[in-house]
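# Results of the structural survey
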Amino acid sequence: MRLATVAAVLSLTVTTLFAQAPAAKVLMPEDLFRRNIGTREQLNKQFPPHKIVGNLYYVGTESLGSFLIVTPEGNILINSDYEATVPVIRDSVEKLGFKFTDTKILLGSHAHADHMEGDAMVKELTGAKLMAMSEDIPALTKITPGNKPHVIDRFLHDGDTVTLGGVTLVAHLTPGHTRGCTTWTTKIQEGGKTYNVVIIGSIGVNPGYQLVDNKDVPGIADEYMRSFKVLRSLPCDIPLGSHPAMYNMMEKYAMIGKGPNPFIDHAGYLKEIDINETAFTLRRAEQMKAAAK
């Protein structure tokens, strides 16, 4: 009875919210998944590497977000993506005029192959030190393309910092999508201004995720709700994400040089959280209703 009551309350809350809000297309988890992943071709198709702000650059593909931070003491790469993506990332780094071998630190967003399968290859090519959130270590060690061991050089915890060449990144645990899903924040300077950058790990509910009565992760719904709260608390001028669709990269790239920096988009950051939280709430309500029968 308690489960049925909660499900009914959730359903009523969602219905009330949409009755009060202007009509707009509601994106469900499947819609967001398709938006983020794109086509099979887009996964490893190089997107023009470009400067985002200051010493922060995009070096990923059309649908997999990888970022390079350049410092006087070497560079930081965030997300190696698939192992097959690594040569694409390397070429993007070199097209920007930097050396891939100058990569000193390798970070990731979360323990899924499309974001961190290439870690071993990047380490082999550059000697970079891999740092990852402790809660994701069990899943990461199972990602072993070609039987390459997934060697993590530093285990991170919520709030830990990673520093190189005057740049400091903060690791924020934003679980749900994976147990150790990590959102990275940093401050980047350009033109005498300092910008708060947030690289969202992921807050998407993949198709098939069980938010109710999940035997493997009983608290998965609470983890998602914690993550939404954490993300809303972060100051953000420039939102980025593990999939470029999470911050409308293609549209913003087309606007480079036509006015103010298009990547400065606090409103877009809040909108991305909103649409994912709505998708989560609707899917959870569906599953609670089904469980109550």
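Bringing the overall build of the chain into the picture now. Summing up its helical and strand segments, the chain has ten helices and twelve strands in all. Whereas a compact globule of 293 residues would reach a radius of gyration of roughly 19 Å, the chain reaches 19 Å, a difference of no more than 12%. Dimensions of the chain, computed from the C-alpha atoms along their principal axes, are close to 60 × 50 × 35 Å. Of all 293 residues assigned to the chain, the portion counted as buried reaches 52%. For the chain, restricting intrachain contacts to residue pairs at least 6 apart in sequence, the fraction spanning at least 24 positions comes to 65%. Within the structure as shown, the chain displays about 13500 Å² of accessible surface, and the carbon and sulfur contribution to it stands at 55%.

Right, let's get into the sheet that holds strand S4 (residues 74-78). Think of a sheet as strands paired side by side through backbone hydrogen bonds, with each pair either parallel or antiparallel. Taken in spatial order, the seven strands of this open sheet run S1-S2-S3-S4-S5-S6-S7, and their pairing is mixed. The open sheet has two edge strands with one neighbour each: strand S1 (50-53) and strand S7 (154-156). Each adjacent strand pair in this sheet contributes to an overall mean axis angle of 25 degrees, direction not counted. Summarising the sheet, strand S2 (residues 56-58) and strand S3 (residues 67-71) pair through three bridges and their orientation is antiparallel. Bridging from a neighbouring strand, Leu56 pairs with Ile69 of S3. Relative to the sheet, helix H6 (residues 119-126) contacts S4, strand S5 (103-107) and strand S6 (129-133), its axis offset from that of S5 by approximately 170 degrees.

Overall, mixed pairing links the five strands, which are arranged S8-S9-S10-S11-S12 in an open sheet. Here the strands that pair on one side only, and so sit at the sheet edges, are strand S8 (161-164) and strand S12 (238-241). Here the average twist between neighbouring strands, direction ignored, is 25 degrees.

This next bit is on the nonpolar core. Formed by 30 residues in total, the largest nonpolar core has its most connected members in Ile52, Leu56, Phe67, Ile78, Leu107, Trp184 and Leu240. Here Trp184 is in contact with Ile78, Leu107, Gly108, Leu156, Val162, Leu169, Val170, Ala171, Val197, Val198 and Ile199, once residues within four sequence places are set aside. Counting 20 residues, the second-largest nonpolar core is a separate cluster that includes Val59, Leu68, Ile137 and Ile152.

With that out of the way, let us pick up empty space enclosed by the protein. One pass over the full model with this rule turns up one cavity of 30 Å³ or more. By volume, the largest cavity is sized at about 50 Å³. The wall of the largest cavity is formed by 13 residues, among which Gly108, Met116, Ala132, Met133 and Thr182 lie closest to the centre. If you list the elements that add at least two residues to the lining of the largest cavity, you get S6 and strand S10 (182-190). Per element, the largest residue contribution to the lining of the largest cavity is three residues, and it comes from S6. Its residues placed into classes, the lining of the largest cavity shows seven nonpolar, five polar and one charged.

When we look at burial in helix H2 (residues 29-37), the residues that qualify are Pro29, Leu32, Asn36 and Ile37. Across the axial projection of H2, the buried residues extend over an arc of 120 degrees, all falling on one side. Where H2 is buried, its residues meet helix H3 (40-43), helix H5 (113-116) and helix H10 (266-292). A positive phi of about 70 degrees marks Gly38, the residue just after H2.

Cut-offs applied
Residues numbered from 1 in each chain as written. Predicted model: local features only at pLDDT ≥ 70, side-chain atom pairs only at ≥ 80, totals over all residues. Heavy atoms only, no water. Helix = DSSP H or I, 4+ residues; strand = E, 2+ residues; numbered from the N terminus. Rg over C-alpha atoms; globule rule 2.2 N^0.38 Å. Buried < 20%, exposed > 50% of the residue type's maximum accessible area, 1.4 Å probe, protein only. Contact = heavy atoms within 4.5 Å. Areas by Shrake-Rupley, 256 points an atom, 1.4 Å probe, with all protein chains shown as cover. Pairing = 2+ DSSP bridges. Axes fitted to C-alpha atoms, helices over the stretch in contact; angles between N-to-C directions. Core = buried A, V, L, I, M, F, W, Y, C linked by side-chain atoms within 4.5 Å. 1 Å grid on protein atoms, 1.4 Å probe; cavity = no way out; pocket = protein on both sides within 12 Å on 5 of 7 lines; lining within 4 Å. Points joined across faces, edges and corners; volume = space filled by probe spheres on them. Nonpolar A, V, L, I, M, F, W, Y, C, P; charged D, E, K, R; others polar. Arc of directions from axis to C-beta.

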